[in-house]
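Fold and geometry: a report
The chain contents come next:
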Amino acid sequence: LLDVGDETIESVIIEEFPGEAAGKLFELYPGLASGDDHAQEELLGDNMFGAKAFFYATTHAQSGESCYLYHFDQVPLSRSQTAGAFHAAEISYVFGVDSLLLPQDEQRASLSRQMSKYWTSFARSGDPNDNELSHWQSFSQNSPEWMQLGSSVGMAEANKADKYGVLNDKLLSQLDSLDD
């Protein structure tokens, strides 16, 4: 999955995440060192999207303003789709699009209606909550939770917080180096 040329995935991770961070990533993403595709896909998605959203939510919550974080894990209906719940797959749900590329069954149509209500409420008032839906709590770094959107809908522990923490430590060091 990851093109590392003549290097091993392990050597690339160690180079990109020096010190204890590399060991922690190998621990948090079992199979990463052996080149397991699923572990690589998860690390890639977390590093590119999830960790950054978590970083921004944490930073925003520190300002005292309300912030609403979600985790979309609904895998599209398709026998040929292997990427899982990929980046931007939630957009068709927000806008209620049922297409040949992203078809919906009744569960997915229900999720789409709920997501559309959350986004509409947020656009209207700055708060996604609607009396008809599960309550979406504002993000707190002290007890990180997100709205789970997929086969189930509701608040859930941000179970990737440890992974995001390691990835965001690198992001913070990169940001700190810009000040030098």
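Here we summarise the structure given alongside this text. Everything numeric here is computed off the predicted structure, so don't read it as measured data.

In terms of helices and strands, the protein chain carries six helices and three strands. Along the protein chain, from the amino end to the carboxyl end, the secondary structure elements read α-α-α-β-α-α-β-β-α. Overall size of the protein chain, expressed as C-alpha extent along the three principal axes, is 50 × 45 × 25 Å. A buried classification covers 36% of the 180 residues belonging to the protein chain. Once local pairs closer than 6 in sequence are excluded, the contacts in the protein chain between residues at least 24 apart make up 50%. For the protein chain, the exposed surface amounts to about 10,700 Å²; the carbon and sulfur share of it is 51%. Considering the protein chain, the positive charge centre built from 10 side chains and the negative charge centre built from 29 side chains are found 10 Å apart.

Before going further, it helps to spend a moment on the packing of aromatic side chains. Per the stated rule, a full pass over the model turns up 11 aromatic pairs. On the basis of an interplanar angle of 75 degrees and a centroid distance of 6.2 Å, the ring pair of tyrosine 68 and phenylalanine 122 is categorised as edge-to-face. Here phenylalanine 122 lies in helix H5 (residues 106-125) and tyrosine 68 lies in the loop between helix H3 (37-62) and strand S1 (70-72), a separation of 54 residues in the sequence. Of the residues examined, tyrosine 68 reaches a relative accessible area of 18% and is grouped as buried. For the pair tyrosine 70 and tryptophan 136, a centre-to-centre distance of 6.3 Å together with 85 degrees between the ring planes defines the contact as edge-to-face. Highlighted residues: tyrosine 70 in strand S1 and tryptophan 136 in the loop between H5 and strand S2 (145-149), separated in sequence by 66 residues.

Each pair of packed helices can be summarised by the angle the axes make with each other and by the distance between the axes. Between H3 and helix H6 (residues 161-179), whose axes approach to 9 Å, the crossing angle comes to 75 degrees. Here H3 is positioned roughly perpendicular relative to H6, judged by the angle of their axes. Note on element contacts: H6 touches H3 through Ala161, Lys163, Tyr164, Leu167, Asn168, Leu171, Leu172 and Leu175, opposite Glu42, Leu43, Asp46, Asn47, Gly50, Ala51, Lys52, Phe54 and Phe55.

Moving on: the nonpolar core. In terms of nonpolar packing, the biggest core is built from 23 residues, with Ile13, Leu25, Tyr29, Leu32, Leu43, Phe139 and Leu167 touching the most fellow members. Broken down by secondary-structure element, the contributors of at least two residues to this core are helix H1 (9-16), helix H2 (20-28), H3 and H6. If we skip the residues at most four places from it in the chain, leucine 32 touches Ile9, Ile13, Leu25, Phe26, Ala39, Gln40 and Leu43. Of all hydrophobic cores here, the second largest spans 12 residues; its members include Tyr68, Met115, Tyr118 and Met147.

This next bit is on the packing of H2 against H6. One can describe the packing of H2 onto H6 by two numbers: an axis separation of 10 Å at closest approach and a directional angle of 155 degrees. One finds that H2 runs roughly antiparallel with respect to H6. The chirality of how H2 crosses H6 is left-handed. Counted together, Ala21, Lys24, Leu25 and Leu28 of H2 and Asp162, Lys163, Val166 and Leu167 of H6 form the full contact between these two elements.

Criteria and thresholds
- Residues numbered from 1 in each chain as written.
- Predicted model: local features only at pLDDT ≥ 70, side-chain atom pairs only at ≥ 80, totals over all residues.
- Heavy atoms only, no water.
- Helix = DSSP H or I, 4+ residues; strand = E, 2+ residues; numbered from the N terminus.
- Buried < 20%, exposed > 50% of the residue type's maximum accessible area, 1.4 Å probe, protein only.
- Contact = heavy atoms within 4.5 Å.
- Areas by Shrake-Rupley, 256 points an atom, 1.4 Å probe, with all protein chains shown as cover.
- Lys, Arg positive; Asp, Glu negative; His and termini not counted.
- Charge placed at Lys NZ, Arg CZ, Asp CG, Glu CD.
- Phe/Tyr/Trp six-rings, centres within 6.5 Å; stacked < 30°, edge-to-face > 60°.
- Axes fitted to C-alpha atoms, helices over the stretch in contact; angles between N-to-C directions.
- Parallel < 35°, antiparallel > 145°, perpendicular 65-115°, else oblique.
- Core = buried A, V, L, I, M, F, W, Y, C linked by side-chain atoms within 4.5 Å.
- Left-handed = near helix turned anticlockwise from the far one by under 90°.

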